[in-house]
Each structure stands twice: as structure tokens, then as C-alpha cells.
Amino acid sequence: MAVAATEDVTESRLLLAEYDRIKEEQKARIGFRDNLLYFTLAASTAVLAIAVQSRQAQLLLAVPVICLVLGWTYLVNDQKISAIGCYVRDRLGPRLAELSGAHGAVFGWEIYHRDDASRTTRKRLQTAVDLFTYLALPIICVTAFWCSPAVQPLLVVVSLAQTVALAVLGWQFRRYAER
């Protein structure tokens, strides 16, 4: 009986099973990544509303923390989503094509959708949205804090550290967007 079970296990079946699993992971990561953007905007808006309503400018320093944590998580998930696509295009698809004797690309969608003439524009616009959400919005909050009467030495140090961290995050977004 064990011999029959192992005869059913072929390299092609294993690769197709791997494809199914990593596409499920990619799908889950896409949903999570997209929800991070909405959650970041909602959380930032809530903090801004509370800060304005209570007239406590120091609360504005919560927005950079939100954007740093969620922005880094967004970026990591986005990188993993792209890595899965790259793996399917460069490793999994060619191996399955070789095993099956297929003439042409296996998993053609992984290549086809990247040749869209508007892809570059969409990627640039998405990068602009990401940079606004995760970099410009928190920098505006830090600047508003600096211009407020709530400025205290310890909070200035915190805001400067946040600014440096935001610059690193922005650099990572730009660096990654160039790929």
C-alpha cells in the first residue's frame, strides 16, 4: 500500500502543491497588506481627531509611531508578495515547463500582467500613496508638534528620533520601489 502512495507522488504534483500553497500565502498577504493601508489611515485620523479636540499637540507624536510600525509591516508584506511572484516566474514555472515538456511559459499570468503598459505609472502612483501615508503624514504631524506650545526637550528628542526612523522607512520604500 505504501508503494502505491509513493507512486502517486511525482515532482510535478509536489511543485503544483507548492504553487497552490504559495499562491494562497500571496493572496493572504495581499489582503493583509491592503488592510494595513486602511488601518493606518483610520488610526492616524483617530489620533489627529483626539489631538485636535483635546488640544494636546504631543499626541501628534503617536502618528509617526503608528506609521513606522504599520509602514514597516506593509513594506515587508509587499516584498514577500513580490518575492512569491518572482519565485513562481523564475523557478517554479520553468521547472514545471521542463517536467511537462510545455512549449512556452507555465503560469503565464505571472509574466503577462507585468507587461501592462500602465504598470510603471501604477507602481509610481502606489509608491507616492505609500510615501504620503507612511512618511509625509507623520512628518506633517511632527512638524505641527514642533510648531506647537507643547514642545518639551524630551519630546523634541523623541520627535527627532522618529524623524530619523521615518527617513529610513522612506528610503526603504524608495529603494524597494525601484525594483
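Everything below is about the structure shown above.
Residues numbered from 1 in each chain as written. Predicted model: local features only at pLDDT ≥ 70, side-chain atom pairs only at ≥ 80, totals over all residues. Heavy atoms only, no water.

## Here we look at the side chain of Ser159
Working step 1: Position of Ser159 relative to the elements: it lies in helix H6 (residues 153-177).
Working step 2: Judged by relative accessible area, Ser159 falls into the buried class, the value being 0%.
Working step 3: Every residue in contact with Ser159, bar those within four places of it in the chain, is listed here: Leu61, Val142, Phe145 and Trp146. (Helix = DSSP H or I, 4+ residues; strand = E, 2+ residues; numbered from the N terminus. Buried < 20%, exposed > 50% of the residue type's maximum accessible area, 1.4 Å probe, protein only. Contact = heavy atoms within 4.5 Å.)

## Topic: the nonpolar core
Soluble globular proteins: nonpolar side chains tend toward being buried together.
Working step 1: The biggest cluster of nonpolar side chains holds 24 residues, and the ones touching the most others in it are Val63, Tyr74, Tyr134 and Phe173.
Working step 2: Contributions of two or more residues to this core are made by helix H2 (11-54), helix H3 (62-100), helix H5 (119-146) and H6.
Working step 3: When sequence neighbours within four positions are dropped, the list of residues in contact with Val63 reads Ser44, Val47, Leu48, Leu137, Pro138 and Cys141.
Working step 4: Counting eight residues, the second largest nonpolar core, distinct from the first, contains Ile84, Val88, Leu96 and Phe107. (Core = buried A, V, L, I, M, F, W, Y, C linked by side-chain atoms within 4.5 Å.)

## Some thoughts on a nonpolar patch on the surface
Working step 1: The grouping of Val164, Val168 and Trp171 at the surface amounts to a nonpolar patch, some 320 Å² of accessible area in total.
Working step 2: Along the chain, Val168 turns up in helix H6.
Working step 3: A relative accessible area of 43% places Val168 in the partly exposed class. (Patch = residues over 30% accessible without salt bridge, like charges linked within 9 Å, V, L, I, M, F, W, Y side chains within 5 Å. Areas by Shrake-Rupley, 256 points an atom, 1.4 Å probe, with all protein chains shown as cover. Salt bridge = Lys/Arg side-chain N within 4 Å of Asp/Glu carboxyl O.)

## Things to note about the packing of H2 against H5
Working step 1: For the pair H2 and H5, interaxial distance at closest approach is 12 Å and the crossing angle is 20°. Between H2 and H5, the angle is such that the two are roughly parallel. Helix-helix and strand crossings are classified by hand; for H2 and H5 the assignment is left-handed. In contact with Leu36, Leu37, Thr40, Leu41, Ser44 and Leu48 of H2, H5 contributes Gln126, Val129, Thr133, Tyr134, Leu137 and Cys141.
Working step 2: Within the contact of H2 with H5, the residues separate by chemical class into eight nonpolar, four polar and no charged. (Axes fitted to C-alpha atoms, helices over the stretch in contact; angles between N-to-C directions. Parallel < 35°, antiparallel > 145°, perpendicular 65-115°, else oblique. Left-handed = near helix turned anticlockwise from the far one by under 90°. Nonpolar A, V, L, I, M, F, W, Y, C, P; charged D, E, K, R; others polar.)

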